[in-house]
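# What the coordinates show
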Amino acid sequence: MSKAHKIAVIGGDGTGPEVVREAIKVLKAASTRYGFTLALQDFDFGGERFLRTGEVLPASAVSDLSAFDAILLGAIGHPDVKPGILEKGILLKLRFDLDQYINLRPIKLFPGVETPIKNKGPADIDYVVVRENTGDLYTGAGGFSMKGTPHEVAMQTAVYTRFQVDRCLRYAFEYARKRGKKKTLALCGKTNVLTFVYDLWERAFHEMGDKEFPDIKREYYHVDATCMWMVKNPEWFDVIVTGNMFGDIITDLGAMTQGGMGIAAGGNINPEGVSMFEPIGGSAPKYTGKNVINPLAAICAGGMLLDTLGEATAAAAVERAVMDVTANKLKSLAAGQMGFSTTEVGDLVAARV
Ligand code: IPM
Ligand code: MN
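Residues numbered from 1 in each chain as written. Chains lettered and ligands numbered in written order. Predicted model: local features only at pLDDT ≥ 70, side-chain atom pairs only at ≥ 80, totals over all residues. Heavy atoms only, no water.

### A short note on the overall build of the chain
- What the chain contains, in helices and strands, is 11 helices and 12 strands.
- In terms of C-alpha radius of gyration, the chain reaches 20 Å, essentially the compact-globule figure of 20 Å for 353 residues.
- Considered along the principal axes of its C-alpha atoms, the chain spans approximately 50 × 50 × 45 Å.
- Within the chain, contacts between residues at least 6 apart in sequence are counted, and of these 76% link residues at least 24 apart.
- A total accessible area of about 15400 Å² is found for the chain, and carbon and sulfur atoms account for 55% of it. (Helix = DSSP H or I, 4+ residues; strand = E, 2+ residues; numbered from the N terminus. Rg over C-alpha atoms; globule rule 2.2 N^0.38 Å. Contact = heavy atoms within 4.5 Å. Areas by Shrake-Rupley, 256 points an atom, 1.4 Å probe, with all protein chains shown as cover.)

### Thoughts on the environment of Arg131
- Along the polypeptide, Arg131 turns up in strand β5 (residues 126-132).
- Separated by 116 residues in sequence, Arg131 and Gly247 place their C-alpha atoms 4.9 Å apart.
- Residue contacts for Arg131: discarding those within four places in its chain leaves Arg95, Tyr101, Ile102, Asn103, Arg105, Tyr138, Thr242, Gly243, Asn244, Gly247 and Asp248.
- Polar side-chain contacts of Arg131 include one of 3.2 Å to the side chain of Tyr138. (Polar contact = N/O pair within 3.5 Å; in protein donor to acceptor, adjacent residues only side chain to side chain.)

### Remarks on the packing of aromatic side chains
- Following the criterion strictly, the structure yields 11 aromatic pairs and no others.
- Centre to centre, the rings of Tyr127 and Phe237 are 5.4 Å apart; their planes meet at 45°, and the pair counts as tilted. In this pair, Tyr127 sits in strand β5 while Phe237 sits in the loop between α7 (223-232) and β10 (239-242), placing the two residues 110 residues apart along the sequence.
- Residue class for Tyr127 comes out buried when judged on its relative accessible area of 0%.
- Ring centres of Tyr171 and Tyr175 lie 6.1 Å apart, and the angle between their planes is 25°; on these two criteria the pair is classed as stacked. (Phe/Tyr/Trp six-rings, centres within 6.5 Å; stacked < 30°, edge-to-face > 60°. Buried < 20%, exposed > 50% of the residue type's maximum accessible area, 1.4 Å probe, protein only.)

### Some details on the site of ligand 1
- In the region of ligand 1, the neighbouring residues are Glu87, Leu91, Arg95, Arg105, Arg131, Tyr138 and Asp248.
- Contacts to ligand 1 include Asp248, whose side-chain N or O atom sits 2.9 Å from an oxygen atom.
- Burial of ligand 1 by the surrounding chains reaches 73%, relative to a free accessible area of 320 Å².
- Top contributing element to the shell around ligand 1 by residue count: helix α4 (residues 85-97), with 3 residues.
- Grouping the constituent residues of the shell around ligand 1 by class yields 2 nonpolar, no polar and 5 charged.
- Here the shell around ligand 1 spans two domains, and each of domain 1 (1-101 + 264-353) and domain 2 (115-258) adds at least three residues to it. (Near = heavy atom within 4 Å. Nonpolar A, V, L, I, M, F, W, Y, C, P; charged D, E, K, R; others polar. Domains from an automatic or database assignment.)

### Quick notes on the domain arrangement of the chain
- Each assigned domain of the chain is listed with its residue range as follows: domain 1 (1-101 + 264-353) and domain 2 (115-258).
- Across the boundary between the two partners, domain 1 contributes 11 residues, which contact 11 residues of domain 2.
- Both sides of the domain 1 and domain 2 interface together cover about 1000 Å² of buried area, and 56% of this is carbon and sulfur.
- Among the residues domain 1 hides against domain 2, the three largest losses belong to Arg95, Phe96 and Tyr101. Together they make up 51% of the total.
- Across the domain 1-domain 2 interface, the total number found is 1 salt bridge. (Buried area = accessible area lost by both parts, 1.4 Å probe. Salt bridge = Lys/Arg side-chain N within 4 Å of Asp/Glu carboxyl O.)

### Examining the environment of Thr342
- Secondary-structure assignment places Thr342 in helix α11 (residues 342-352).
- Residue Thr342 is classed as buried on the basis of its relative accessible area of 1%.
- In this view, Thr342 contacts Glu18, Glu22, Asn291, Val292, Ile293 and Pro295; residues no more than four positions away in its chain are not counted.
- Polar side-chain contacts of Thr342 include one of 2.6 Å to the backbone oxygen of Ile293.

### Examining the nonpolar core
- Formed by 84 residues in total, the largest nonpolar core has its most connected members in Leu72 and Trp201.
- Both domains that meet at this core, namely domain 1 (1-101 + 264-353) and domain 2 (115-258), each give it at least three residues.
- Residues in contact with Leu72, not counting those within four places in the same chain, are Ile7, Ala8, Val9, Ile10, Val20, Ala23, Ile24, Leu27, Phe277, Ala301, Gly302 and Leu305.
- Among the nonpolar cores identified, the runner-up in size contains 22 residues, and Ile10, Ala61, Ile90 and Leu94 belong to it. (Core = buried A, V, L, I, M, F, W, Y, C linked by side-chain atoms within 4.5 Å.)

### Section: the state of the cysteines
- Inspection of the entire model under this criterion finds 0 disulfides.
- Free of any disulfide, Cys227 has its nearest cysteine sulfur in Cys188, 7.0 Å distant.
- Since its relative accessible area comes to 25%, Cys227 is described here as partly exposed. (Disulfide = S-S within 2.5 Å.)

### Focus on the side chain of Thr242
- Within the secondary structure layout, Thr242 lies in strand β10.
- Classification of Thr242 by relative accessible area gives buried; the value is 0%.
- There is a polar contact of 2.8 Å between the side chain of Thr242 and the backbone oxygen of Cys188.
- Those residues in contact with Thr242 that sit more than four places away from it in its chain are Val129, Val130, Arg131, Glu132, Cys188, Tyr198, Trp201, Gly247 and Ile250.

### Focus: helix α8 (residues 244-257)
- With 14 residues, α8 extends 20 Å from end C-alpha to end C-alpha; this agrees with the ideal 20 Å at 1.5 Å per step.
- Listed in full, the buried residues belonging to α8 are Asn244, Phe246, Gly247, Ile250, Thr251, Gly254, Ala255 and Thr257. Across the axial projection of α8, the buried residues extend over an arc of 160°, all falling on one side.
- Contacts made by the buried residues of α8 are with β4 (102-108), β5, β8 (184-189), α6 (197-212), α7 and β10.
- Once α8 finishes, Gly259 follows within two positions and takes phi at roughly 115°, a positive value. (Expected span 1.5 Å × (residues − 1). Arc of directions from axis to C-beta.)

Shown next, in the form of structure tokens:
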């Protein structure tokens, strides 16, 4: 009997709904081809809903979403809503409340895609960043005092518990083992300055590595050096694990090296719960409704979603289909310059799945 997967769909703002539509087209093609069924349900969370109702997320959102096998998210961010409200109230809230403690971001250059790094190709740019997704500067610890005076103080504190660090490291070690490429895990930190938080990370990293993962080679890079090597020698990397803030920054750098926001996807993963997959680019308001935005990042997010649901064969087929399209069809990944419309790119991938 085929499995039925319950997927919550949050198209969100701007071009989010357009790219998610193409991702669903591809997921449906995969479900027909690989013998599983999808039960999709739409949620209207985003800027439009907030402007209409004054509510960022309904009180029932988290418990409603908990009943699904996975979530597919388009984009959150609206030009008429002050920055921070939707990001914090929707995206970060869901990550925290659904305890999606891993942000998995593959940095993979597909064939035919142009990278700004000279003399590097798909064989050189193929690694994965495991970004911790619940702690660090993202917890909201801090505040102001004497706000608005010349002596104003603003503080924002990086917070990590041993528990958060350990569960993230364990996921990263296991990922490096399962991936089986170079069996190398690199910790990206800043032990020379952040002598509390990254001291904890480094001790936990080596303790766990010694005890549980002797087969995985360990490396350490400061975050600034990581940025340097991601550009100069990306082929060194296999799996990188890091905290939330550094992970946010280095994965945007990584995304540019793999061809930009048109292709970069990520998963907010709770290995024991409900995970949420998204193209990591924004809502691109100026392209909204024009049928020109590149849906491949959302399609790749859909592929990652399938992998998490245990549909590994279908996930691999989606990736192969995307690669065939980048290698043989698209002129560019940039919006309006692909040589095809958003819906046509979805058709091309779906046909190959
Ligand atoms: C990302 C984004 C978010 C983050 C923002 C929108 C809150 O930049 O997913 O990387 O900082 O995590
Ligand atoms: Mn980011």
